[in-house]
Amino acid sequence: MRATLFRVKTDADRQNVTLSLPKPLLRKAKILAVERQTSLSGLLAGALETLVRDQDEYERAKERALSYMRNARDLGTKGRITWTRDSLHERR
């Protein structure tokens with residue numbers, strides 16, 4: 001037999017927030033929430049979760065890229081550029 005525990009969100013896990021939105025935006029958001037079979041609160045929470053997750057992923061990707069650059073292989077140039085833009089684009 002296998003038992004699985006689920007963490008149930010309680011009111012202690014949540015914080016109420018007051019927003020001031022333009023009426024046309026609020027009206028459209030309510031319609032969108034109904035179409036997606038959720039509450040306005042659920043719709044906004046989902047959008048914020050996506051925004052925060054995307055930002056976190058961007059930050060991790062940026063840190064990986066910077067780490068790769070800081071630890072790049074030495075190409076033997078000793079940090080000096082020995083070519084010009086024109087020489088790289090010469091037509092032969």
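Residues numbered from 1 in each chain as written. Predicted model: local features only at pLDDT ≥ 70, side-chain atom pairs only at ≥ 80, totals over all residues. Heavy atoms only, no water.

*Asks:* Tell me what's going on with a nonpolar patch on the surface, and back it up with residues and numbers.
*Replies:* Taken together, the side chains of Val 17, Leu 19, Leu 21, Leu 25 and Leu 44 define a hydrophobic patch exposed on the protein surface, amounting to about 440 Å² of accessible area. Examined against the element boundaries, Leu 21 turns out to sit in the segment before helix 1 (23–35). (Patch = residues over 30% accessible without salt bridge, like charges linked within 9 Å, V, L, I, M, F, W, Y side chains within 5 Å. Areas by Shrake-Rupley, 256 points an atom, 1.4 Å probe, with all protein chains shown as cover. Salt bridge = Lys/Arg side-chain N within 4 Å of Asp/Glu carboxyl O. Helix = DSSP H or I, 4+ residues; strand = E, 2+ residues; numbered from the N terminus.)

*Asks:* Tell me what's going on with the confidence of the model for the chain, and back it up with residues and numbers.
*Replies:* Averaged over the chain, the pLDDT score is 89; the fraction of residues at 70 or greater is 89%. Ranking the elements of the chain by mean pLDDT puts helix 3 (residues 85–88) last, at 89, and helix 1 first, at 97. (pLDDT = per-residue confidence, 0-100.)

*Asks:* Which residues make up the pattern of salt bridges, and what are the values?
*Replies:* Applying the stated criterion across every chain yields a total of two salt bridges. For Arg 53, the salt bridge is made with Glu 57, and the minimal N-O distance between the two is 3.9 Å. Residue Arg 53 and its partner Glu 57 are both found in helix 2 (residues 40–70); the two are separated by four residues, about one turn of the helix. Of the charged contacts, one joins Lys 62 and Glu 59 as a salt bridge, the two residues approaching to 3.5 Å between their closest N and O atoms. Taken as a pair, Lys 62 and Glu 59 lie in helix 2 at a separation of three residues, close to a single helical turn.

*Asks:* Describe helix 1, with residues and values.
*Replies:* A rise of 1.5 Å per residue sets the reference length of helix 1, with its 13 residues, at 18 Å; its end C-alpha atoms lie 18 Å apart and thus fit the reference within 8%. Backbone geometry just downstream of helix 1 places Gln 37 in the positive-phi region, at approximately 55°. (Expected span 1.5 Å × (residues − 1).)

*Asks:* I'd like to hear about unusual backbone geometry, residue by residue, with values.
*Replies:* Phi at Gln 37 is positive, roughly 55°, even though this residue is not glycine. When you line up the elements, Gln 37 lands in the loop between helix 1 and helix 2.

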